[in-house]
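Summary of the model geometry
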Amino acid sequence: MCESTCGMLASAAHMLAFAPHLCRICLEEDALERLEQPCGCTGTQRHAHHSCIQKWVNEKGNTECEICHQQYKGQYRCVVGMSVQRLALQVAHVCLQVMMQDVQW
Ligand SMILES: [Zn+2]
Ligand SMILES: [Zn+2]
């Protein structure tokens, strides 16, 4: 039993050591120099594209990593609430259309 556990651990360590560098956001493999390590996360969660992190920052509205709770290092602009506001407007617009349709009908 120990042997198989040890074997599994060894192969896991082997896989980790030879794991390709992935962007944790778009999950695409890329060269290490094209990836950034913006926070304290380790392992496969460690790397991400600058542009992917920027998009993610815009979407969630802050520059804190939700896994390790560190602020992302680097030039990330946090456009607070912009996408959320736009989404709310779109939802309001759709609601209005539905309401108007109801009235006409
Ligand atoms: Zn990416
Ligand atoms: Zn992190």
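Structure: above.
Here's a quick rundown of the structure. What you are looking at is a predicted structure, and each value in this text was computed from that prediction instead of being measured. (Residues numbered from 1 in each chain as written. Chains lettered and ligands numbered in written order. Predicted model: local features only at pLDDT ≥ 70, side-chain atom pairs only at ≥ 80, totals over all residues. Heavy atoms only, no water.)

1. Structural notes on the pattern of salt bridges
By the definition in use, this model includes two salt bridges. Across the pair Arg-34 and Asp-30 runs a salt bridge, and its minimum N-O distance is 2.9 Å. Judged by its relative accessible area of 54%, Arg-34 falls in the exposed class. (Salt bridge = Lys/Arg side-chain N within 4 Å of Asp/Glu carboxyl O. Buried < 20%, exposed > 50% of the residue type's maximum accessible area, 1.4 Å probe, protein only.)

2. Comments concerning the side chain of Asp-30
Its place among the elements puts Asp-30 in the loop between helix H1 (2-17) and helix H2 (50-60). Leaving out residues up to four positions away in the same chain, Asp-30 has contacts with His-21, Leu-35 and His-49. (Helix = DSSP H or I, 4+ residues; strand = E, 2+ residues; numbered from the N terminus. Contact = heavy atoms within 4.5 Å.)

3. Concerning the coordination of the zinc ion (ligand 1)
At 2.0 to 2.3 Å from the zinc ion (ligand 1) lie its protein donor atoms, namely Cys-23 (SG), Cys-26 (SG), His-49 (ND1) and Cys-52 (SG). One way to put it: the four donor atoms around the zinc ion (ligand 1) meet at angles of 100 to 117 degrees, and that makes the site tetrahedral. For the zinc ion (ligand 1), the donor residues sit on a single chain with the sequence spacing C-x2-C-x22-H-x2-C. Of this pair, Cys-26 sits in the loop between H1 and H2 while His-49 sits in the loop between H1 and H2; the two residues are 23 residues apart in sequence, bridging distant segments of the chain. Of the residues examined, Cys-26 reaches a relative accessible area of 32% and is grouped as partly exposed. (Donors = N, O, S within 2.8 Å, 3.2 Å for Na, K, Ca; no water. Tetrahedral: all angles 85-135°; square planar, octahedral: opposite > 155°, others 65-115°.)

Purely geometric stuff here, so don't read any function into it on its own.
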